[in-house]
Amino acid sequence: MSAAAVITRPIGTAGKLFAFGADAVLAMFRRPFQFREMIQQAWFIASVTIIPTALVAIPFGAVIALQAGSLIQQFGAQSFTGSAAVLAVLREAGPIATALLVAGAGGSAIAADLGARKIREELDAMMVLGIDPIQRLVVPRIIACMLVAVFLNGMVSVVGVLGGYYFNVVLQGGTPGAYLASFTALAQVPDLWQGMAKALVFGFIAAIVAAYKGMHADGGPQGVGQAVMESVVITFLLLFLANFVMSALYFQLVPQKAF
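Every value quoted in this text rests on a predicted model; they were computed, and no experiment measured them. (Residues numbered from 1 in each chain as written. Predicted model: local features only at pLDDT ≥ 70, side-chain atom pairs only at ≥ 80, totals over all residues. Heavy atoms only, no water.)

## Observations concerning the overall build of the protein
Here is step 1: Helix and strand counts for the protein come out as nine helices and zero strands.
Here is step 2: The secondary structure elements of the protein, listed N-terminal to C-terminal, are α-α-α-α-α-α-α-α-α.
Here is step 3: For the protein, the residues scored as buried account for 44% of the 259 residues in total.
Here is step 4: Within the protein, contacts between residues separated by at least 24 positions form 86% of all contacts whose residues are at least 6 apart in sequence. (Helix = DSSP H or I, 4+ residues; strand = E, 2+ residues; numbered from the N terminus. Buried < 20%, exposed > 50% of the residue type's maximum accessible area, 1.4 Å probe, protein only. Contact = heavy atoms within 4.5 Å.)

Here it is in structure tokens:
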């Protein structure tokens, strides 16, 4: 392979991934919609991610509360510990934790399923029969990932805030009233909507990457395993990039509260 081909190959892959995502978005508006498939996929993704997400949310909230509480105590503003913890969980920790688990558990399952169908030539058989694999298989999985990501983000936010409350009040000697009263000092409703929007976008990205890598797997079972690994790694990179872009846009568009 020439040096030019090595350099342009990632660009071509990115273009194909973008085109695949555009095709999937357009297929969402075509009928018939596979509602039953979507429900089954949502139930499966939720079943494999809900317990790990709940377990991850507790240390997330605890670490944020401990770090924020220690830092704020140095400035003599311990009464704002609750507000800082809520902001960190709603804006960053909740969506990121949800996306990583949805991509790691749900996304890998999607890539493995579609990759197995690809090497068994089921996708080719569907196209011969006039059935669009994107509309039949990919769209329900994308919507299922997005819905599950939003619901899991809500669970992570609740568990993270409760975990932060426990560790701040019990371990750092904070007062329950000050922790709860500070919620509205800096946090606002758009922060909640931003977290939900992030979870929705992250779920879309995880499903698109997993479906693309699965439907383009080759080389037998080893190729499927490679596709699963690549889908998880690519998804993580895209999630952090999307998180930076969405956070930057949010701070530019939404005025923040002051002390």
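## Some thoughts on the nonpolar core
Here is step 1: Ranked by size, the top nonpolar core spans 42 residues in total, and within it Phe20, Leu114, Ile134, Val138, Ile142, Phe202 and Met215 carry the most contacts.
Here is step 2: By residue number, the principal contributor to this core is helix 5 (residues 133-171), which donates twelve residues.
Here is step 3: Setting aside residues no more than four positions away along its own chain, Ile134 makes contact with Phe20, Asp23, Ala24, Ala27, Val139 and Met215.
Here is step 4: Listed in part, the ten residues of the second largest apolar core include Ile64, Val86, Leu90 and Ala187. (Core = buried A, V, L, I, M, F, W, Y, C linked by side-chain atoms within 4.5 Å.)

## Let's talk about a nonpolar patch on the surface
Here is step 1: A cluster of nonpolar side chains, contributed by Ile234, Leu238, Leu241, Phe244, Val245, Leu249 and Leu253, occupies part of the molecular surface with about 670 Å² of accessible area.
Here is step 2: Here Phe244 is to be found in helix 9 (residues 220-253). (Patch = residues over 30% accessible without salt bridge, like charges linked within 9 Å, V, L, I, M, F, W, Y side chains within 5 Å. Areas by Shrake-Rupley, 256 points an atom, 1.4 Å probe, with all protein chains shown as cover. Salt bridge = Lys/Arg side-chain N within 4 Å of Asp/Glu carboxyl O.)

## Some words on the packing of helix 8 (residues 189-215) against helix 9
The description of two helices packed together rests on the angle between their axes and the distance between the axes.
Here is step 1: Interaxial distance between helix 8 and helix 9 falls to 9 Å at its minimum, and their mutual angle equals 150°. By the angle class used here, helix 8 and helix 9 are roughly antiparallel. Crossing angle aside, the handedness with which helix 8 passes helix 9 is right-handed. Residue-level contacts link Pro190, Asp191, Gln194, Ala197, Lys198, Val201, Phe202, Ile205, Ala206, Val209, Ala210 and Lys213 of helix 8 to Ala227, Glu230, Ser231, Ile234, Thr235, Leu238, Leu239, Ala242, Asn243, Met246, Ser247 and Tyr250 of helix 9.
Here is step 2: A breakdown of the residues in the contact of helix 8 with helix 9 according to their chemical character gives 15 nonpolar, five polar and four charged. (Axes fitted to C-alpha atoms, helices over the stretch in contact; angles between N-to-C directions. Parallel < 35°, antiparallel > 145°, perpendicular 65-115°, else oblique. Left-handed = near helix turned anticlockwise from the far one by under 90°. Nonpolar A, V, L, I, M, F, W, Y, C, P; charged D, E, K, R; others polar.)

## Describing the UniProt feature "transmembrane region" (unreviewed entry) in the protein
Here is step 1: Per the UniProt annotation, the sites labelled "transmembrane region" (unreviewed entry) are residues 6-29, 41-66, 96-116, 137-167, 192-212 and 232-253.
Here is step 2: For residues 96-116, helix accounts for 100% and strand for 0%, while the C-alpha atoms at its two ends are 29 Å apart.
Here is step 3: Within the segment residues 137-167, helix and strand shares are 100% and 0% respectively, and the terminal C-alpha atoms sit 44 Å apart. (UniProt positions renumbered as here; feature names shortened; annotations may be inferred.)

## Observations regarding the environment of Asp191
Here is step 1: Tracing the backbone through its elements, the reader meets Asp191 in helix 8.
Here is step 2: Separated by 105 residues in the primary sequence, Asp191 and Val86 have C-alpha atoms spaced 9.4 Å apart.

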